[in-house]
Structure formats: structure tokens, C-alpha cells
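Structural description and commentary
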Amino acid sequence: MTAPVAIVTGGAGGMGTAIATVLLDDGFRVALLDRRGAQEAAGRLAGTGEVLGVEADVSDEESVRAAIDHVDMVWGRVDALVNNAGIEPPHAVRSMEPDTWRATLDVNLTGPALMIKHCVPLWRRQGGGRVVSIGSRVWLGGGVTPAYAASKAGIVGLTRTACHELGPLGVTVNVVAPSFVDTSFNTQKADAGVLEARVDRFTEASPLGRLVEPVDVAHAVAFLVSERARNITGEVIHVAAGTQLAPTIQ
Ligand SMILES: NC(=O)c1ccc[n+]([C@@H]2O[C@H](COP(=O)([O-])OP(=O)(O)OC[C@H]3O[C@@H](n4cnc5c(N)ncnc54)[C@H](O)[C@@H]3O)[C@@H](O)[C@H]2O)c1
């Protein structure tokens, strides 16, 4: 049997690398799509399975089209799309610049929609596929940056609508919503002291008393793209150690 193919956007980042590692372990061929560092990331994982690095910007339709065409040309199919690329430029609504708002929505929400759009012809040809988008617990309780929270609430709306449209093609569409995970997503935004205080607040807010790790998110993704999850669609799975039930954590 031919190995299934997954595309992981933001594949050079912390969560993307963990997701790719688990999918490779599950027998997928994995295309790491990232606007920077995709080839290097693919090189680091090369010993663990069939990996392809694809430099692309998910917010640019031509770039998305070219990236999916490239994966189709190399492997001839896409079984699972993991929309994981994301950004959170700091801002408050009272001083928000429209460019910051648009940039956040372009990557976090328009990006997944474009990726889905350009995978549809392949899923039609293959008779099915899987979409898992990485949301965030902030879609429920809010977070620190309004454009980011709006984009992560938006991905739930996109998912719950796309699952109706794509269900007849045999495509499931779901969201995995993590809480704070210790990746460069956070380390690049704050100094060590601020970060340590956030780690403490998230740990205290968790009924389990612990932080979520990238591999926890990867395991939820691996389940949703597996045959075991064939009848789960339009769903949001929180991988948040229970912090999705806590009031806003700053
Ligand atoms: N780390 C957290 O605390 C946390 C919590 C909840 C949700 N998330 C979500 O998880 C996902 C992954 O985050 P991470 O923690 O691995 O962050 P990360 O910064 O380590 O990785 C994000 C990756 O996305 C890539 N990227 C950004 N813009 C892109 C674009 N336009 N086109 C292609 N690639 C692009 C970056 O180059 C980077 O490699 C994001 O969607 C983020 O919103 C993260």
C-alpha cells in the first residue's frame, strides 16, 4: 500500500516539527511547508522517513497553489492537511493598526482557507481527505491579542462550515485547540522572566497542574487524520490540560 501524504504548514516551527515527527512515525510521507526554514527542517527529519521541505507563504494564493502542485507532482496525492502556521503580533484593540490586524488574519485564517481550497481538486480525485487546523483555547475565553483571538474563533467557523461542504467528498475537517505551549511562538515574544510567570499561571490554571507539550498536540492531530477518526468532523478538540475551562489567562 502507498504511504499516505500529509502537508504540515508552519512545519519548521515547534508544533509543526512535533506533528511531522509523529505523522512520520505513523507511516505518513510529510511535506513541511513554511515561509522560512522548510528545507532545513526537512533535513533534520530526513532520517525518520520521507520528508519534503517546501518554502511557501500560506497567505499568498499563488504561493499556496505552487506548493500544493509541487507536493502533487512529487507524491501524487495529499491525504491530510494540517493548517498549523500561525503568528501573533502583539497589539491591543485601542491602539491596533489595520496592517497588524490584516497580517494576523491573512496568515491564521485566510491561509487555512486557501490551503483547503487548493487541496479540494486532489481530494475530489482521491475520494477523500482530512483537514486539521491548529486553533487555540483563546477562541473560547479570549486571550491577549484581539486579532489572534478573532482568527482562532474564525478557524472554528471555517471548520464548521467547510465540513458541510466537503463531507460529501469524504473529507473531515476539525480543529485542535492548544493552550500555552513552550515553543519559539512564545519565547520570541517575551523575556525569560515574563515567560516563567506565564508558565506558572498556566500550570496553576490547569486541573492537571501541568503544561501542554508539542507532542500532546501532535497526538491529537495524528488521531484526527487516522482511520479511527473517520466519523469525527466539525469538531474542536482542546489539548489544553483543562485550561480552556479557566477564565482568561494573561
Ligand atoms: N505555542 C503556543 O503557545 C500556542 C498555543 C495555542 C496555539 N498555537 C498555535 O500553534 C500553531 C503553531 O505554533 P508554534 O507554537 O509551533 O509556533 P512557531 O512560531 O514555533 O511556528 C510557527 C511557524 O509558522 C510559520 N509561518 C508563519 N507565517 C507563515 C506563513 N505566512 N506561511 C507559512 N508559514 C508561516 C513560521 O515560520 C513558523 O515556523 C500556530 O497556529 C499557533 O497559533 C500555539
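All of the points below concern the structure found in this document. (Residues numbered from 1 in each chain as written. Predicted model: local features only at pLDDT ≥ 70, side-chain atom pairs only at ≥ 80, totals over all residues. Heavy atoms only, no water.)

**Things to note about the sheet that holds strand E3 (residues 51-55)**
Strand order in the open sheet formed by 7 strands is E3-E2-E1-E4-E5-E6-E7, with parallel pairing between adjacent strands. Because the sheet does not close on itself, it has two edges, and the strands there are E3 and strand E7 (236-239). Adjacent strand axes in the sheet meet at a mean angle of 20°, parallel and antiparallel pairs treated alike. The pairing of strand E4 (residues 80-83) with strand E5 (residues 129-134) spans 4 bridges and is parallel. Its bridge partner lying in E5, Val82 is registered against Val132. (Pairing = 2+ DSSP bridges. Helix = DSSP H or I, 4+ residues; strand = E, 2+ residues; numbered from the N terminus. Axes fitted to C-alpha atoms, helices over the stretch in contact; angles between N-to-C directions.)

**Some words on the nonpolar core**
Ile19, Leu23, Val30, Leu32, Val176 and Val221 are the most contacted members of the largest nonpolar core, which totals 33 residues. Mapped onto this core, the elements with two or more residues apiece are strand E1 (5-9), helix H1 (14-25), strand E2 (29-34), helix H2 (38-45), E4, E5 and helix H9 (214-224). Top contributing element to this core by residue count: H1, with 7 residues. The residues contacting Leu23, other than those within four sequence positions of it, are Ala6, Val8, Phe28, Val30, Val82, Ala222 and Val225. Of all hydrophobic cores here, the second largest spans 32 residues; its members include Ile116, Val131, Leu169 and Val171. (Core = buried A, V, L, I, M, F, W, Y, C linked by side-chain atoms within 4.5 Å. Buried < 20%, exposed > 50% of the residue type's maximum accessible area, 1.4 Å probe, protein only. Contact = heavy atoms within 4.5 Å.)

**A closer look at the packing of aromatic side chains**
The full count for this structure, using the stated rule, is 2 aromatic pairs. Ring centres 5.8 Å apart and planes at 45° place the aromatic pair Tyr148 and Phe185 in the tilted group. Note that Tyr148 is positioned in helix H6 (residues 146-166) and Phe185 in helix H7 (residues 184-187), a separation of 37 residues in sequence. Looking at Phe185, the relative accessible area reads 21%, which means it is partly exposed. (Phe/Tyr/Trp six-rings, centres within 6.5 Å; stacked < 30°, edge-to-face > 60°.)

**What about unusual backbone geometry?**
Note: most residues except glycine have negative phi, and most peptide bonds are trans. Residue Ala241 is not a glycine yet carries a positive backbone phi of 50°. Mapping Ala241 onto the fold places it in the segment after E7. Judged by relative accessible area, which is 15%, Ala241 ranks as buried.

**What to know about the packing of H1 against H9**
Put simply, H1 and H9 touch, their axes get as near as 8 Å, and they point 50° apart. As the angle between them shows, H1 and H9 are arranged oblique. For the pair H1 and H9, the sense of crossing is right-handed. Residues Gly14, Met15, Ala18, Ile19, Val22 and Leu23 of H1 pack against Pro214, Val215, Val217, Ala218, His219, Val221 and Ala222 of H9. Along the lines of polarity and charge, the residues of the contact of H1 with H9 split into 11 nonpolar, 2 polar and no charged. (Parallel < 35°, antiparallel > 145°, perpendicular 65-115°, else oblique. Left-handed = near helix turned anticlockwise from the far one by under 90°. Nonpolar A, V, L, I, M, F, W, Y, C, P; charged D, E, K, R; others polar.)

**Regarding helix H4 (residues 98-126)**
For H4, which comprises 29 residues, the first-to-last C-alpha distance of 40 Å matches the rise-based estimate of 42 Å (1.5 Å per residue) to within 8%. Of all the bends in H4, the largest measures some 40° and sits at Asp106. Backbone geometry just downstream of H4 places Gly127 in the positive-phi region, at approximately 90°. (Expected span 1.5 Å × (residues − 1). Bend = angle between axes of the 7 residues up to and from the residue.)

**Observations concerning the site of the ligand**
In the vicinity of the ligand there are 28 residues, among which Met15, Asp34, Asp57, Tyr148 and Thr183 approach most closely. Within the contact set of the ligand, an oxygen atom lies 2.9 Å away from a backbone nitrogen or oxygen of Gly14. Taking Lys152, its side chain carries an N or O atom lying 3.0 Å from an oxygen atom of the ligand. If the ligand stood free it would expose 830 Å²; the protein chains cover 95% of that surface. Where the shell around the ligand is concerned, the elements lending two or more residues are H1, H6 and H7. Element by element, the count of residues in the shell around the ligand is highest for H7, at 3 residues. Among the residues making up the shell around the ligand, the classes are represented as 13 nonpolar, 11 polar and 4 charged. (Near = heavy atom within 4 Å. Polar contact = N/O pair within 3.5 Å; in protein donor to acceptor, adjacent residues only side chain to side chain. Areas by Shrake-Rupley, 256 points an atom, 1.4 Å probe, with all protein chains shown as cover.)

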